[in-house]
Amino acid sequence: MRPAAALIVLLAIAVMLFACGSQPAAEELVQPNDVGPQSQFVKPSDRIFAIDDFEAAGLKYSKDYKTEGLPAATRVSLFFWKIDGTPVQYEVRFYASHDEAVSAGTSYVIEGAGPEAIIDPDFARYTEGLRDRRTIVHTRGSPTPRYGDFVIYGNMIALCEGRDAEQGSQRCAKLVEALDLSED
C-alpha cells in the first residue's frame, strides 16, 4: 500500500503544479493603472498613431517589415531610442483602431514579447522581423527574446526591448509617457 499512497501524493502534486501554471496568457493583460513589472498592458485610446508621433517623441525610425502574416496590421516598423544613454529597440505594429489592435494583435504580440516569446521560425506565426526579435545572451550563448514586454495603446502595439519582463515593462511605460508628452 505504501507505493500506491506515494504515487497518489505525487500525482496530486503534479496536478496542482500543472493547474497553477495553466492560466491563459490573455488573462495577464491589465488596465493601465495596474501596470507593474512583468505585466503587459492595454491603454485604451482613440488616438491614431503614425510614424511622425514616434519621431516627435524622440525615437529614430529604422525600417518597415511586411505586414503579411499579421492580421489587420497596416504597418510594422522598427524604432530605436536612447534611454539613459543605452540604445533601445521597439517593434511597433500599427492598426486602423484600438479595437483592431486588441482583437487582431493581442495573440500575436503575446507570441512576440516576454520570457515565453516564440522566437523559433518553425513555430512563430508572424515570422517577418523574427531575427530582430531575438538576441544572444553571452552567458548562455543561445537566442533569447529581445522584447521583455509590450503595450497596446491606441491603434498601436509596441514590443519593448528588455532583458526581462520588468525592464521591458519599464521601457514600455517610458514610451507611453513620451508619446503622451509629445501630444501636447
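Residues numbered from 1 in each chain as written. Predicted model: local features only at pLDDT ≥ 70, side-chain atom pairs only at ≥ 80, totals over all residues. Heavy atoms only, no water.

*Asks:* Help me understand the packing of aromatic side chains in this model?
*Replies:* The way to describe two aromatic rings as a pair is by their centre distance and the angle between their planes. In the structure shown here, the tally under the stated rule is 6 aromatic pairs. Centre to centre, the rings of Tyr61 and Phe79 are 6.0 Å apart; their planes meet at 75°, and the pair counts as edge-to-face. Note that Tyr61 is positioned in strand β2 (residues 60-65) and Phe79 in strand β3 (residues 75-83), a separation of 18 residues in sequence. Judged by its relative accessible area of 33%, Tyr61 is partly exposed. An aromatic cluster of at least three residues, connected via ring pairs, comprises Phe49, Phe54, Tyr61, Phe79, Phe94 and Tyr153. The lysine or arginine in question, Arg125, covers the ring of Tyr108, its NZ or CZ lying 3.7 Å from the ring centre. (Phe/Tyr/Trp six-rings, centres within 6.5 Å; stacked < 30°, edge-to-face > 60°. Helix = DSSP H or I, 4+ residues; strand = E, 2+ residues; numbered from the N terminus. Buried < 20%, exposed > 50% of the residue type's maximum accessible area, 1.4 Å probe, protein only. Lys NZ or Arg CZ within 6 Å of the ring centre and 35° of its normal.)

*Asks:* Help me understand the state of the cysteines, please; the structure alone is not making it clear to me.
*Replies:* By definition, a disulfide links two cysteine residues through a covalent bond between their sulfur atoms. Inspection of every chain in the model, using the stated rule, returns 1 disulfide. The disulfide partner of Cys160 is Cys172, and the gap between their sulfur atoms is 2.0 Å. Judged by the torsion about the S-S bond (110°), the Cys160/Cys172 disulfide is right-handed. Pair noted here: Cys160 is in strand β8 (residues 156-161) and Cys172 is in helix α4 (residues 165-183), with a separation of 12 residues, a long-range link. (Disulfide = S-S within 2.5 Å.)

*Asks:* Which parts of the structure should I look at to understand the nonpolar core?
*Replies:* Where a protein is soluble and globular, its nonpolar side chains tend to be buried together. Residues Phe54, Tyr90 and Met156 are the most contacted members of the largest nonpolar core, which totals 23 residues. When residues of this core are traced back to their parent elements, those giving at least two are α2 (51-56), β3, β4 (86-94), β7 (147-153), β8 and α4. When residues in this core are grouped by element, the largest group, 5 residues, is from α4. In contact with Tyr90, other than residues within four places in its own chain, are Leu59, Ser77, Leu78, Phe79, Trp81, Ile83, Tyr147, Leu159, Cys160, Arg171 and Leu175. (Core = buried A, V, L, I, M, F, W, Y, C linked by side-chain atoms within 4.5 Å. Contact = heavy atoms within 4.5 Å.)

*Asks:* Mind showing me how you'd approach the environment of Tyr147 here?
*Replies:* Relative to the helices and strands, Tyr147 resides in strand β7. Note on Tyr147: relative accessible area 0%, which makes it buried. Sequence-wise, Tyr147 and Gly168 are 21 residues apart; in three dimensions their C-alpha atoms are separated by 6.4 Å. A polar side-chain atom of Tyr147 sits 2.8 Å from a polar atom in the side chain of Gln89. (Polar contact = N/O pair within 3.5 Å; in protein donor to acceptor, adjacent residues only side chain to side chain.)

*Asks:* Looking at this structure, how should I read α4?
*Replies:* Since there are 3.6 residues in each turn of an α-helix, residues three or four apart along the chain are aligned in direction. Taking 1.5 Å per residue as the helical rise, α4 with its 19 residues ought to reach 27 Å, and the 27 Å between its terminal C-alpha atoms agrees with that figure. For α4, the full list of buried residues reads Ala165, Gln167, Gly168, Ser169, Arg171, Cys172, Leu175, Val176, Ala178 and Leu179. Taken together, the buried residues of α4 touch β1 (41-43), α2, β3, β4, β7 and β8. N-cap assignment for α4: the residue whose side-chain oxygen lies 3.3 Å from the backbone N of Glu166 is Asp164. (Expected span 1.5 Å × (residues − 1).)

*Asks:* For this particular structure, what's the right way to read the pattern of salt bridges?
*Replies:* One side chain can pair with another of opposite charge once the charged atoms of both are near each other. Going through the model one piece at a time under the given rule, you end up with 8 salt bridges. Its salt-bridge partner being Arg75, residue Asp64 comes within 2.9 Å of it at the nearest N-O pair. Of the two residues, Asp64 sits in strand β2 while Arg75 sits in strand β3, which places them 11 residues apart along the sequence. Among the residues examined, Asp64 registers a relative accessible area of 34% and is labelled partly exposed. Among the residues examined, Arg75 registers a relative accessible area of 32% and is labelled partly exposed. Overlapping salt bridges, with partners in common, bring together Glu91, Arg93 and Arg133 in one network. (Salt bridge = Lys/Arg side-chain N within 4 Å of Asp/Glu carboxyl O.)

*Asks:* What is the right way to look at the sheet that holds β8 in this model?
*Replies:* Whether parallel or antiparallel, the strands of a sheet pair through hydrogen bonds between backbone atoms. Strand order in the open sheet made by the 6 strands is β1-β7-β8-β4-β3-β2, with mixed pairing throughout. Two strands in the sheet have a free side with no partner beyond their single neighbour: β1 and β2. Here the strands of the sheet are splayed against their neighbours by 25° on average, with no regard to which way each runs. For β7 and β8, the ladder comprises 6 bridges, and the chain directions are antiparallel. Within β8, the residue paired with Phe150 across the bridge is Leu159. (Pairing = 2+ DSSP bridges. Axes fitted to C-alpha atoms, helices over the stretch in contact; angles between N-to-C directions.)

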